[in-house]
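Commentary on secondary and tertiary structure
Below are the chains, spelled out letter by letter.
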Amino acid sequence: MRKYISDINQNYSLIKLTEYAVILSTILLTIDLLNLPLKYLLGDNKLFSFLIAGAVIILLILKGIEFGLIDTLKLTTVNIIDAFSVTMIFSSTIYLVIASFYGFLFLYKSISLFIIVIIFFSIILGRSIYLKKKKIEAKKYTPNIVDLKDIYNGNFNLEEDQLVLIKEEEVNYDLLERENIINQLYNAILQSKPDGKFVISLEGGWGSGKTTIINNVKKQLRNTKEDIIIIDEFDPWSYSDQRSLFYKMFDIIIKKSGLKYNTLAAKKMAEEISENIFGTQKSTRILKTFFENENDVVTLKNKINDYLRLCGKKVVFFIDNIDRIESGNIILLFKLVGNILDFNRVTYVLSYDNDRIRKIFDNDLNIDYKYLKKVIQMQIRVPEVNENALNNLFKKSLNNLLIEYGEDKENLNYYDCIINFMCEQKIDVRDFKRFINSVIGSVFSGSNYLNKRDLVIIEYIRLYNISLYQKIYKNSKFFVSHDKKENSKIYTMSLHNEKFNQDGKEFFKELFSDEKNNKYKNILAEIFPYVKKYSKNQDLENNRVQIYDGSYPNIIKNKRICSGKYFDLYFTNTKNDFILIGELIENFIDNLNQTKSFDKRKEAFKNLLDSIQQSYQREMFERFEFYIEDLKKGLLFDLVNILFDKIYIINNISGFFALSARSRVEVIIWELLQKINEEEYDDFLDNIKVDYGKIKIISSILYWFNNDREGKNIEERKEKMQLLYEDMGSTIIENNINLYNDSYYFPKNIWGLARLYEEDQEEFQNYIKNITDKDNIFRLIYDCISLSYGKKFRYSIRQENLENLTTEEHIDNILEETEPSTPDQKFILRVYENYKNNETNRFGEKGIILDELKNINL
């Protein structure tokens, strides 16, 4: 209740409400003493009196509804209802005391007053409880608009899914080591003892910190023992009308100086001065007549000067943001300071952008800028911000923000290039705040899926150089250096190295010939390899076919802007399949690392395959390979066994100049075999030594052992794998194990054995003759068939493929004794007959061409 009464006093003043209560109670007592209500109610025209009284009551009720009386009661701030309730209680109390004292407080009056007090006291009590409840609820509100100093010192907390915004307001602290300029202005004010006026100018560009310097000086002045009157609430930007600007300046000097002077006299002085500046208005005629015997303006001004001189006080009048006001008001303000409002012992501190004021004088006002020499007695220029101090402010503030947003402390140096760039650009603190609010908040709040540093840089460019931002997006071919195959136009252009390099260099030369764009070259080189190469005077492309360097895993894992898979997303704020696949793999890796059971790991892998179409498996396992280093050592043995066991359900369609998903898994298995320990490696070999249905897979894994370009092989493991491979092959041949039986058959598996016996084809082909018959002949023919595809799918047989496995005579002899029984067998026979008859289409191509991939089941 006490806080509630305090709020009422703050908004309406209890003294003022008491005054209203005295007036109201006086009126009521007068009415009561004159017996006005009964006089008319008991008179001859009672009906008319009751009608009037009823109408008044109804009107009051209707007016209450019209003005939202109920809604006003629900307002969460002190309002007119609270003030009226307090006034009614005070009035009733005053009435009660006086009526009791003079003896005309009858029972019906006591009851009426009691009811009135109860009603309004209930309103006050109810409102106080209601407002207290709302204030408790309001305390739960966590603001995310903080001060830069809080960010700098780390004194802020970030709620989940919330962003941090920095408020833009005047502050009285310094984060940029500008003590010298602050002390210079402070000492200039403190040590100057003018007889008349003294004018100091604080000059600096927009955002140079003039307001902060002034606020620090005011803070020091308030702490000094000197008797100083500070005038700082005058904002010239708020006045578009010259008269109102003058009146406010004049009025604020009179009021703040403490001069107790005749208000109308001061008004007359203002009107007299105004007449000289702006011309006479009708209202001034009235004042002149009223004050025709009053002292003239000079006398009034002398009185003000005498007061300021004799009171022992110094007046310091700060006027900021002068360069933001209209040009006509600028010259008026300087005239007022220089000549008209030149009171004694008043020090004016005028803050403005010197370059902008000079342009206004030259272009808009056509006035010689030297005019200011007559106004300004002391000129103080804001120096350039210390680059180290600026770097420290940016770095510490940004690092605190990133940590609060969840960034690892070890990764903070990754963002140093952005901080250094901003310091090179010499952006001011105001722009830094805007950068945090506009860029950092949007990038780091929520679930952003792109590389945050790349996104921060490109968003910074969008914020401060929109034309460069648009040119980057429209000319993606000169910025996408990886995964160019995702955009056929970009890829086709980059194949013509010489022309591409020439066009790219010409484009960058023109782009960076613009001085504004050239400032961004270094930061663009951080995210675009082509820009980095151009900066070093290197060719953009050196190879006809893109060779992925060591940076590619980082580019693809971190979804960098230079990848054709993600470039567009940085500008469109959308997702694509590559993002979704990346999220699947990242979740799978996290799941594996947290799961200890082999069965659960196996289930997780199955769920991964089920969650995506087969056509996307190639991209998925390419991505998976980059995360091998993120896997815990304890699960690698389980994973290599799972991959080997499930490899035949993985898609085997190759991409354009790319491995198929299955071939990529073979590479992953080879890499994992280098990471498990020796005992686990031996166990793996022991597990697969009789898995004859995967002899081709073993052959392919061994291929990567033999083509280790990165030195990943562990000594003797290749030899062990080779020995296993040879033992399996000899066992198959010696025991005549039929790889075309259902228990071992998988398309193309026979080629694993064929490669082993390339030097002894006679023994291998004798084995083929021994195991093939009319039941599996179509499986043998299918193993001879090659599949090539682009927009369509072509099934054909090359003579060397067939002769590596068997002979036409052997196949023909078996076919004479059998007929195809299924559509797939009939299709296989068609392809074989096409080969036998040497048929070609109009383009000279052999084989059977289909519009869709045929899922063959033999």
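Above: the structure in question.
Residues numbered from 1 in each chain as written. Predicted model: local features only at pLDDT ≥ 70, side-chain atom pairs only at ≥ 80, totals over all residues. Heavy atoms only, no water.

Another point: the overall build of the protein chain. A tally of helices and strands in the protein chain yields 42 helices and ten strands. Buried residues in the protein chain amount to 45% of all 858 residues. Looking at the protein chain alone, contacts between residues at least 24 apart form 75% of all its contacts between residues at least 6 apart. For the protein chain, the computed accessible surface area is about 46300 Å², with 50% contributed by carbon and sulfur atoms. (Helix = DSSP H or I, 4+ residues; strand = E, 2+ residues; numbered from the N terminus. Buried < 20%, exposed > 50% of the residue type's maximum accessible area, 1.4 Å probe, protein only. Contact = heavy atoms within 4.5 Å. Areas by Shrake-Rupley, 256 points an atom, 1.4 Å probe, with all protein chains shown as cover.)

On to helix H42 (residues 823-836), then. If you check H42, its first and last C-alpha atoms are 20 Å apart, about what 14 residues at 1.5 Å a residue would give, namely 20 Å. Turning to H42, its buried residues are Asp824, Gln825, Phe827, Ile828, Leu829, Val831, Tyr832, Asn834 and Tyr835. In this structure, the buried residues of H42 make contact with helix H39 (777-784), strand E8 (785-789), strand E9 (793-797), helix H40 (799-805), helix H41 (808-815) and strand E10 (848-850). Downstream of H42 by one or two residues, Asn838 has phi in the positive range, about 55°. (Expected span 1.5 Å × (residues − 1).)

Turning next to the sheet that holds E9. The strand order across the open sheet formed by three strands is E8-E9-E10, and the pairing between neighbours is antiparallel. Each of the sheet's edge strands pairs with one partner strand only, and the pair in question is E8 and E10. Adjacent strand axes in the sheet meet at a mean angle of 20° when their direction is disregarded. Pairing of E8 with E9, which is carried by five bridges, proceeds in the antiparallel orientation. (Pairing = 2+ DSSP bridges. Axes fitted to C-alpha atoms, helices over the stretch in contact; angles between N-to-C directions.)

Across the sheet, which stays open at both edges, the five strands sit in the order E4-E5-E6-E3-E7 with parallel pairing between neighbours. Each of the sheet's edge strands pairs with one partner strand only, and the pair in question is strand E4 (228-231) and strand E7 (378-381). Going across the sheet, the axis of each strand differs from the next one's by a mean of 20°, ignoring polarity. Pairing geometry for E4 and strand E5 (residues 314-319), over four bridges, is parallel. Bridge assignment links Ile231 to a residue of E5, and that residue is Phe317. Contacts from helix H9 (residues 179-191) reach strand E3 (198-203), E4, E5, strand E6 (346-352) and E7, with the element oriented near 165° to E7.

Here we take up the pattern of salt bridges. Following the criterion strictly, the structure yields 36 salt bridges and no others. Of the charged contacts, one joins Asp686 and Lys689 as a salt bridge, the two residues approaching to 2.9 Å between their closest N and O atoms. For Lys689, a relative accessible area of 41% translates into the label partly exposed. A salt bridge links Lys854 to Asp824; the nearest nitrogen and oxygen atoms lie 3.9 Å apart. With Lys854 in the segment after E10 and Asp824 in helix H42, this pair connects stretches of sequence that are 30 residues apart. One salt-bridge network, in which partners are shared between bridges, spans Asp483, Lys565, Glu619 and Arg623. (Salt bridge = Lys/Arg side-chain N within 4 Å of Asp/Glu carboxyl O.)

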